Structure formats: structure tokens, C-alpha cells
Amino acid sequence: MSKKRPGSEGLTMIRKAILSACVALVAGTSMPASGATDARQSHEAMIVLDTHFDTPANLGRPGWSIMDRHVEAIDGDQVDVPRMADGGVDGGFFAIFTASGPRTEEGDRAARDFALRRGVQIREMIARHPETFALAITADDAEAAVQQGKRFVFLSMENGYPFERDISLMSAFRSLGVTMMSPVHTRNNDLADSSTDTPEWNGLSPVGKAFVAEANRLGILIDLSHASDAVVRQAVALSKAPIILSHSGMRGVFDHPRNIPDAEAKLIAQKGGVIQINAFNAYMIATPSIPEREAALKELMAGFASGRALSSEQRRALIAKRKAIDTQWPVPKADFDDLMAHILHAIKLVGIDHIGISGDFDGGGGVEGFRDITDFPKVTAALLKAGYKADDIAKLWGGNALRVLRAAQAAGDPGVSPAIPTTN
């Protein structure tokens, strides 16, 4: 489907500038101007989404606005409205990320409250800018937003910690607008084992199995990024609907527990699911540990505490000091070619109908040559150059994710209450 865009003079100038500049390098090789322009036009015609924006973590920062243009090299921010336009990005899943903490009644209550506040912040972002954003619950909502020239916003939850002790809370988050949930993050919880922790449940816990059933009932898309291999196998077997990995890599390219093995990737595809390839440096290439570097990073982060309420000046100082550490104790950096290696391996393994992309931006993602959402068109150009058709690339950029969302919602109970509407 074609995309309708606002006809403002400023946006038109941006588009012209982008088109004239599209002779940029793609995967380390140059393209003729005509080819680059054709690639950009193809990219603009697609619905382009990212299934894991960690950008909501910025919503509580003093003076920060998603409507302003930020500079990744200076302040570390990777997603905002001006750059969504630059990158031809129509929307995505804005994550309610809750860091793992004490598995106690008090800890669970704090996690629940934090997640609710974050969800409200996302809803407030939409309500404050109705001319720019539209809340999306269904794939049809996303498509309608594109036709209206708006950016669609899905809500997702990364980590089931906020509801691990009471899965009835999943219904409350569903009413808030959450359409995708993952059970676990980097540490085990009462639902499931993490891919980066010592097995505790050997997969899903009894409550975790109930989570799968409740997600199916509510029509929530199950996201298994960060989950252990055993969790993936068990959830795929139990779920009535396809599942998604919202931001993961391929273990067949780089052996890291956060990446999905080829065998489990095939299981996901066979169930109709989708694997969204991310751009997280440590999951793409080997990064050796340097004790002095680790100590310096630990000291740096301790000095800035949690970093949740940093001012713009404090955040820029943090980024500058982090760069100084990288200069003093450099480690190998993944690049655009590494990202494409994961994408192409996944396509070859399970087919382009089961692959998508997420930069994992504003959550630690980004590699050399793919630093923020303005770099999304590079993937389209590289895949076109590799011989893939625009219609298939459109599946990778948004079609596949919207398809599995539709499938998850179709499998749900038709009596599930709708999300609370956005009011202006």
C-alpha cells in the first residue's frame, strides 16, 4: 500500500534532501544515483516499523521531547519524530521495559507501579501530539495511521516482572493498550528462565505456562526475546498463536545465548512466527572483556546513579566519558555488514516471510553504519541490491510483524475488553 504523508513544506524539503543524498554507501559499496533513488522510493512505499523501541525510557527525562531532533553521537538518543521522517519509519512498538529486581511482594508491587506509570507516559505522548501520533491496537490501526500521515504507536512490555505474581494484571495492561508481552529479561523470574541466567525452571514455570494461555486468551502477541531456548520450545508448543522475537540475533552467525539457534528459529517459523533481527553489538561479534575497561565503566555508571532523570547536560557528559573509555580501551565494533550477515542467514534459514528488523534503539542497540533510525533505508537498498523484490522486503519491514499480530488477536477471546481510547 502507498503511504500518505503530510504536505508541509519542511517535510518536502527533507524528502528532497534525502533523495539527493541517497548515493551513500550501502554495506560498504556505492550505488549509482538512480539506483539509490529507486531504493528510497521503494522504502517510502513500504510500511516500516520497528518492534522494539526502548525510547519510552526517555519520556521521563527533564526537558526531553520526542518531537525534537537529537544527535546520537552527542546525546546517545536514536529515535525521535524528525528522524522517523528521515528514515521513512512509520511507527513501532514502544516498550514498557521494567528492569528485573527482587522477587518479593514489595518488589513485584514496585515493578507493577513502574510499568503502569511508563504505559501512561506513552499514552500521554500520543495524546499530546494527536497530529503526529496515533495509538495502534490492531494492524488495521497501523495501516490507517499511515494513510492519515501519522506515526503509529503500539505498546509492548519487555519483562513479565510487573505481573509475575498475578497474571490477572495482564488484562489491566491489555486495557492500557499493550499488544505484545515478553515473559522475562536478562534474569530469571517467576515466569521463565532467561537466556542469560542459570536455568531455574528448565523453561517455563507453572505460572509461565499460564502466562502463555492468558496471552492467547487476551490476543496478546507473545515475545520471546531474552527467553531461554527451553522457554522458546515450550512456548511455541503451547501457544495457539504464532510468536515473535522482537529483537534477537542468529546463533548460527554468532554463538551468544541471547541469539536464537537455527533449530528453534525453524520451530518459530513453522508455527508462523517471526524473528526480528536486532543490531546489538555484543550479540553480533565477540567483544573480549578488558578488566580496566569494565572497572572504568562500572565507576562511570555508579557516578551517574540510575541515569533515569539525567538532564541533557548530564547525559551528554555521560556519553562523552563513555567515548573516552572506548578510546582508551577499545573493543571490536560490529558494523552494517555484520547486521546484514544475521539478516541474510535468517532469510536463508526460514524464509523472508518470517524475518523482520529491530535496531533495539535507545536500549543499547546500534552498530557502525547503523546508528539510529535514519539508517533504516540502507537495509532496503542492500536487500534490493542482493536481488530481493520490494514486495518481499516490505514483509520484512512491517508486513510480517503485522501478520503475526493479526494472528494472535484472531486467536484471542472475542469478549476481551478493548483498550482505553486516547482522548485529546
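A quick note: this is a predicted structure, and the numbers were derived from the prediction, not measured. One numbering rule holds for all chains: residues counted from 1, following each sequence as written. Residue-level local features of this predicted model are given only where pLDDT is at least 70; pairs of side-chain atoms are given and counted only at 80 or more, and the full residue set underlies all totals for whole chains, interfaces and linings. Note that water and hydrogens are dropped before the side-chain values are worked out from all heavy atoms of the structure.

K.L.:
Could you give an account of the pattern of salt bridges, with specific residues and numbers?
P.N.:
Throughout this description, the term salt bridge denotes a Lys or Arg side-chain nitrogen within 4 Å of a carboxyl oxygen of Asp or Glu. Going through the model one piece at a time under the given rule, you end up with 23 salt bridges. With a shortest N-O distance of 3.4 Å, Asp375 and Lys378 are connected by a salt bridge. Judged by relative accessible area, Asp375 falls into the buried class, the value being 11%. Categorising residues by exposure relies on relative accessible area from a 1.4 Å probe, with only protein chains included: less than 20% of the type maximum marks a residue as buried, more than 50% marks it as exposed, and the intermediate range marks it as partly exposed. Residue classification places Lys378 among the partly exposed residues on the basis of a relative accessible area of 24%.

K.L.:
Run through helix H7 (residues 169-176), naming residues and quoting values.
P.N.:
Every buried residue belonging to H7 is among Met170, Phe173, Arg174 and Leu176, and all of these are buried. Down the axis of H7, the smallest arc covering the buried residues is 155°, so these residues share one side. Whether two residues are in contact is decided by their heavy atoms, any of which lying within 4.5 Å being enough. Helix and strand definitions here come from DSSP, where helices need a minimum of 4 consecutive H or I residues and strands a minimum of 2 consecutive E residues; each element is numbered from the N-terminal end. Buried residues along H7 sit against helix H5 (105-128), strand E4 (151-158), strand E5 (178-181) and helix H8 (206-218). Downstream of H7 by a residue or two, Gly177 has a phi angle that is positive, lying close to 120°. What the arc describes is the spread of directions from the helix axis to the C-beta atoms.

K.L.:
Can you explain the pairing of strand E2 (residues 91-97)? Please cite residues and give values.
P.N.:
Along E2, 6 of the 7 residues are buried, which leaves the element largely enclosed by surrounding structure. A pair of strands is treated as paired once DSSP finds two or more bridges between them. Across 7 bridges, the pairing between E2 and E4 is parallel. Across the sheet, the residue bridging to Gly92 is Val153, located in E4.

K.L.:
I'd love a proper account of the pairing of strand E7 (residues 244-248), names of residues and values included.
P.N.:
Most of E7 is tucked away, with 5 of its 5 residues classed as buried. In the sheet, E7 pairs with strand E8 (residues 274-277) via 3 bridges, with the strands oriented parallel. Directly across from Leu245, in E8, lies its bridge partner Ile275. Taken together, E7, helix H10 (residues 262-270) and E8 constitute a β-α-β crossover, and its handedness is right-handed. Here is how to tell: hold the view so the strands point away, follow the path from the first strand over the helix to the second, and if it runs clockwise the crossover is right-handed.

K.L.:
Run through empty space enclosed by the protein, naming residues and quoting values.
P.N.:
Lining residues are defined by having an atom within 4 Å of a point belonging to a cavity or pocket. Those points lie on a 1 Å grid over the protein atoms alone, cavities being sets where a 1.4 Å probe fits but cannot get out and pockets being open sets with protein on both sides within 12 Å along at least five of seven lines. Grid points are joined across faces, edges and corners, and a volume is the space filled by probe spheres set on the points. Summed over all chains, the structure comprises 1 cavity of 30 Å³ or more. Space inside the largest cavity adds up to approximately 60 Å³. Around the largest cavity, the lining is made up of 15 residues, and of these Leu224, Ala227, Arg258, Asn259 and Ile260 lie nearest the centre. Sorting the residues of the lining of the largest cavity by element identifies helix H9 (229-238) and E7 as the ones contributing at least two each.

K.L.:
Which residues make up the nonpolar core, and what values do they have?
P.N.:
Ranked by internal contacts, the top residues of the largest apolar core, which has 79 residues, are Ile343 and Val379. Broken down by element, this core gets its largest block of residues, 7 residues, from helix H13 (residues 336-350). Not counting the four nearest positions on each side in its chain, Val379 is found in contact with Phe336, Leu339, Met340, Ile343, Ile357, Phe370 and Trp397. In plain words, nonpolar cores are sets of buried Ala, Val, Leu, Ile, Met, Phe, Trp, Tyr and Cys residues tied together by side-chain atoms within 4.5 Å. Phe152, Ala241, Leu402 and Ala408 belong to the second-largest nonpolar core, a separate cluster that totals 21 residues.

K.L.:
Pulling in residues and values, what's your account of the environment of Gly219?
P.N.:
For Gly219, the position within the fold is in the loop between H8 and strand E6 (221-222). Residue class for Gly219 comes out buried when judged on its relative accessible area of 3%. As a C-alpha pair, Gly219 and Ala241 span 22 residues in sequence and 8.7 Å in three-dimensional space. In contact with Gly219, not counting residues within four places along its chain, are Thr179, Ala408, Gln409 and Gly412.

K.L.:
Explain the sheet that holds E7 to me, using residue names and the numbers behind them.
P.N.:
Across a sheet, paired strands are connected by hydrogen bonds in the backbone, their directions being either parallel or antiparallel. The sheet built from 3 strands is open, its strands ordered E7-E8-E9 with parallel pairing. Each edge of the open sheet is held by one strand with a lone partner, namely E7 and strand E9 (355-357). On average, adjacent strands in this sheet sit at an angle of 20° to one another, irrespective of strand direction. The axes are straight lines fitted to the C-alpha atoms, using for helices just the contacting stretch, and the angles between their N-to-C directions are given from 0 to 180°. The strands touched by helix H15 (residues 390-410) within the sheet are E7, E8 and E9, with E9 carrying the most contacts at an inclination of about 115°.

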